[in-house]
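Here's the letter readout for the chains.
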Amino acid sequence: MIVMKFGGTSVGGYEEISNAISIVRQRLEKKPVVVTSAMSKMTDLLYNIAASADKKQDTKLKENMDKLRERHIDVAEHLLESNVEMMLQTTSRINEICDELEAYTKAICVLGELSARSKALIISYGEILSSTIFASAMNASGIKTALVDAREMITTNDNHLKADPDIEKIRQCVPQIISSVDQDTEVVLTQGFIAKSKNGEPTVLGRGGSDYSASLIAMALDAETIEIWTDVDGVLTADPNKIKTAQRLEKISFEEAAEMAHFGAKVLHPLTIEPAIKKNIPIYVLNSKNPQCKGTAILNSKYIADGAKSISFKENILVINIFSTKMINASGFLGKVFDIFSVNRVSVDLISTSEANISVTVEDGQDIHKVIEELSAFATVEVDTGKAQISVVGQNLINQPGVLDKIFAPLDKERIYMVSQGASLINLSIVVDKQALNDSIEAIHNAFFA
Ligand code: ADP
Ligand code: ASP
Ligand code: MG
């Protein structure tokens, strides 16, 4: 059994879905479980729908709802044009789903109150709609496909918008549900991203969470491999949007992939690796627009050579400097500081300490008000804005000759605010001015990979 996940651009229109179906068809003997994202840009549109409902902007809400409905109807009509009965069935189902969502959003518009729970419900509709179309098109193309609701398989805690999966429950549920489909089913198709809390409330796994869903399902099924179908040739030496000369990596380790993703490479959701590593399931990152390309294999570290693999970055970060004279030597001080971040669910990326100072970086956009308030009760706190973070990732990176020179020599004119070497020797990160980010990444990328 294999798990195949198709991202937003890989199911973004009727041609893309047809192409995804032919990719699945070539793997039928491997008994694929297919995990689909929402069609590209639809989750963003649903966020806008939620925001306009919250702000009681009913005209804008209606416009966006129409856009959502029309895009899905249009794709279904094109995909199913040779099977009128199926087309009518599917478009009527899309209309039912959109009517249901419209009713919720109108209720929110009246109340003018949007909880995390209602937001999770609204943004889950992208995957509900795409999976409806994808499953119909699979069946219409002659592949017997069962559409299984991911919310029955993926149970989480009640952190609605970035929920933590209940691994034990998932391990029990997924095989049971998958094995209960009709005997003659060739493909089980389900949604990524969406889930349900123990109390049955709607939850999602965070932006880009479909990769994580695929990996959780693969873990529960002891799958042979996980295929992540996306819009680039694999994991590259840098984000191709920033570095045109970025090169495909043939293979990388689980740890390298996790580190790259955690430090900003959007190609995988940062938690995707965790379930796969538990069962040692290889992950292949593949290009649905170029399926002949071998992509990138993410494997156990014993198959991977040492050395730098990729440059990741985060464009908008904050550096929080915490000063206190009673600090480092006082036992429990660091614990107290990091408890504050943890209780307020602000995640810290880099840490560096000195006798009287701790500096940490956090991604901008998180609500840090409470953290600052609580830290200020016993320390002086300064927040630096306008900074960006660059991370060089690679197995045994720090022990490679010349690494520091390759990172720092190209930046001799830039101010470096922080340096942090990952405890695992797999990553070295620096903080620079945001304006210096592009040139710095390019210079470091050239030093390692040109
Ligand atoms: P999907 O919708 O298929 O999940 P994403 O947009 O989430 O696709 O992820 C793929 C994108 O990740 C690529 O188009 C690329 O712009 C970006 N990306 C960032 N860093 C890297 C990297 N190191 N290697 C490959 N792609 C990267
Ligand atoms: N549709 C969700 C998002 O856009 C999940 C995913 O695509 O992985 O974030
Ligand atoms: Mg993604």
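Here the structure is shown first, and the text comes after it.
Nothing here was measured: the structure is a model prediction, and the numbers come from that model.

### Some thoughts on the site of ligand 2
Alright, step 1. Taken together, Ser 37, Ala 38, Thr 43, Glu 127, Phe 193, Arg 207, Gly 208, Gly 209 and Ser 210 make up all the residues around ligand 2.
Alright, step 2. Separating a nitrogen atom of ligand 2 from a side-chain N or O atom of Glu 127 is a distance of 2.7 Å.
Alright, step 3. The backbone of Gly 209 places a nitrogen or oxygen atom 3.4 Å from an oxygen atom of ligand 2.
Alright, step 4. Here ligand 2, which alone exposes 260 Å², has 87% of that area covered by the protein.
Alright, step 5. For the shell around ligand 2, the residue count by class is two nonpolar, five polar and two charged.

### Notes on the pattern of salt bridges
Alright, step 1. This structure, assessed with the given rule, holds 19 salt bridges.
Alright, step 2. Across the pair Glu 168 and Arg 171 runs a salt bridge whose closest N-O atoms are separated by 2.9 Å. Of this pair, Glu 168 and Arg 171 both sit in helix α8 (residues 167-179), separated by three residues, roughly a single helical turn.
Alright, step 3. On the basis of relative accessibility, which here comes to 45%, the residue Glu 168 falls in the partly exposed class.
Alright, step 4. Salt bridges here are not isolated pairs; linked through shared partners, they connect Lys 62, Asp 66, Arg 69, Asp 99 and Glu 102.

### Here we look at the sheet that holds strand β17 (residues 427-433)
Paired through backbone hydrogen bonds, the strands of a sheet run either parallel or antiparallel to each other.
Alright, step 1. Read across the sheet, six strands follow the order β13-β14-β12-β15-β17-β16 without closing on themselves; strand pairing throughout is antiparallel. Each edge of the sheet is formed by a strand with only one pairing partner; in this case those strands are β13 (348-354) and β16 (418-421). The average undirected angle you get between the axes of adjacent strands in this sheet is 30 degrees.
Alright, step 2. Across four bridges, β16 lies against β17 in antiparallel orientation. The partner of Gln 421 across the bridge, within β17, is Leu 428.
Alright, step 3. The strands touched by helix α10 (residues 254-262) are β12 (307-323), β13, β15 (380-395) and β17; relative to β12, the strand with the most contacts, the crossing angle is about 45 degrees.
Alright, step 4. Here helix α12 (residues 333-343) sits on the sheet and contacts β12, β13 and β14 (357-363); the angle it forms with β14, its principal contact strand, is near 20 degrees.

### Looking at the site of ligand 1
Alright, step 1. Taken together, 17 residues are adjacent to ligand 1, and Thr 230, Asp 231, Leu 236, Asn 241 and Lys 266 come closest.
Alright, step 2. Lys 5 has a polar side-chain atom sitting 3.0 Å from an oxygen atom of ligand 1.
Alright, step 3. Contacts to ligand 1 include Leu 236, whose backbone N or O atom sits 2.9 Å from a nitrogen atom.
Alright, step 4. Considering ligand 1 on its own, with 570 Å² of exposed area, one finds that the protein chains cover 88% of that surface.
Alright, step 5. Here the residues of the shell around ligand 1 are counted per class, giving eight nonpolar, five polar and four charged.

### Digging into unusual backbone geometry
Alright, step 1. Positive phi, close to 75 degrees, is recorded for Phe 193, a residue that is not glycine.
Alright, step 2. The class of Phe 193 is buried, set by a relative accessible area of 3%.
Alright, step 3. The phi angle at Arg 345 is positive, at roughly 55 degrees, despite the residue not being glycine.
Alright, step 4. As for its placement among the helices and strands, Arg 345 is situated in the loop between α12 and β13.
Alright, step 5. For Arg 345, a relative accessible area of 57% puts it in the exposed group.

### Quick look at the sheet that holds strand β7 (residues 202-204)
Alright, step 1. Sheet architecture is open: three strands sit in the order β4-β6-β7, paired in mixed fashion. Whereas interior strands pair on both sides, the edge strands pair on one side only; in this sheet they are β4 (155-156) and β7.

### Some details on helix α2 (residues 42-54)
Alright, step 1. For α2, built from 13 residues, the straight-helix expectation of 18 Å at 1.5 Å per residue is met to within 8% by its first-to-last C-alpha distance of 18 Å.
Alright, step 2. For α2, the full list of buried residues reads Met 42, Thr 43, Leu 45, Leu 46, Ile 49, Ala 50, Ser 52 and Ala 53.
Alright, step 3. Where the residues of α2 are buried, they touch α3 (58-79), α4 (84-111), α5 (116-123) and α6 (125-140).
Alright, step 4. Looking one or two places after α2, you find Lys 56, whose phi comes out positive at around 55 degrees.

### Digging into the pairing of β17
Side-chain direction in a regular strand flips from residue to residue, so the side chains alternate between the two faces of the sheet.
Alright, step 1. Burial runs high along β17: six of the seven residues are buried.
Alright, step 2. Where β16 folds back onto β17 in an antiparallel hairpin, the turn is made up of five residues, including Leu 425, whose phi is positive at roughly 65 degrees.

### Some remarks on the nonpolar core
Alright, step 1. Grouped together as the largest cluster of nonpolar side chains are 54 residues, with contacts concentrated most on Phe 6, Ile 17, Leu 68 and Phe 134.
Alright, step 2. Sorting the residues of this core by element identifies β1 (2-6), α1 (14-25), α2, α3, α4, α5, α6 and β5 (187-191) as the ones contributing at least two each.
Alright, step 3. Ignoring any residue separated from it by four or fewer positions in sequence, one finds Phe 134 in contact with Phe 6, Val 11, Ile 17, Ala 20, Ile 21, Val 34, Thr 36 and Leu 189.
Alright, step 4. If you look at the next biggest cluster of nonpolar residues, it comprises 40 residues, including Val 181, Ile 217, Ala 218 and Leu 249.

### Structural notes on the packing of α2 against α3
Alright, step 1. It is the contact of α2 with α3, at a shortest axis distance of 9 Å, that shows an interaxial angle of 155 degrees. Comparing the axis directions of α2 and α3 gives the class roughly antiparallel. Note that α2 runs across α3; the crossing there is left-handed. Together, Met 42, Leu 45, Leu 46, Asn 48, Ile 49, Ser 52 and Ala 53 of α2 and Lys 60, Leu 61, Asn 64, Met 65, Lys 67, Leu 68, Arg 71 and His 72 of α3 make up the contact between the two elements.
Alright, step 2. Class assignment of the residues belonging to the contact of α2 with α3 gives a composition of eight nonpolar, four polar and three charged.

Analysis parameters
Residues numbered from 1 in each chain as written. Chains lettered and ligands numbered in written order. Predicted model: local features only at pLDDT ≥ 70, side-chain atom pairs only at ≥ 80, totals over all residues. Heavy atoms only, no water. Near = heavy atom within 4 Å. Polar contact = N/O pair within 3.5 Å; in protein donor to acceptor, adjacent residues only side chain to side chain. Areas by Shrake-Rupley, 256 points an atom, 1.4 Å probe, with all protein chains shown as cover. Nonpolar A, V, L, I, M, F, W, Y, C, P; charged D, E, K, R; others polar. Salt bridge = Lys/Arg side-chain N within 4 Å of Asp/Glu carboxyl O. Helix = DSSP H or I, 4+ residues; strand = E, 2+ residues; numbered from the N terminus. Buried < 20%, exposed > 50% of the residue type's maximum accessible area, 1.4 Å probe, protein only. Pairing = 2+ DSSP bridges. Axes fitted to C-alpha atoms, helices over the stretch in contact; angles between N-to-C directions. Contact = heavy atoms within 4.5 Å. Expected span 1.5 Å × (residues − 1). Core = buried A, V, L, I, M, F, W, Y, C linked by side-chain atoms within 4.5 Å. Parallel < 35°, antiparallel > 145°, perpendicular 65-115°, else oblique. Left-handed = near helix turned anticlockwise from the far one by under 90°.

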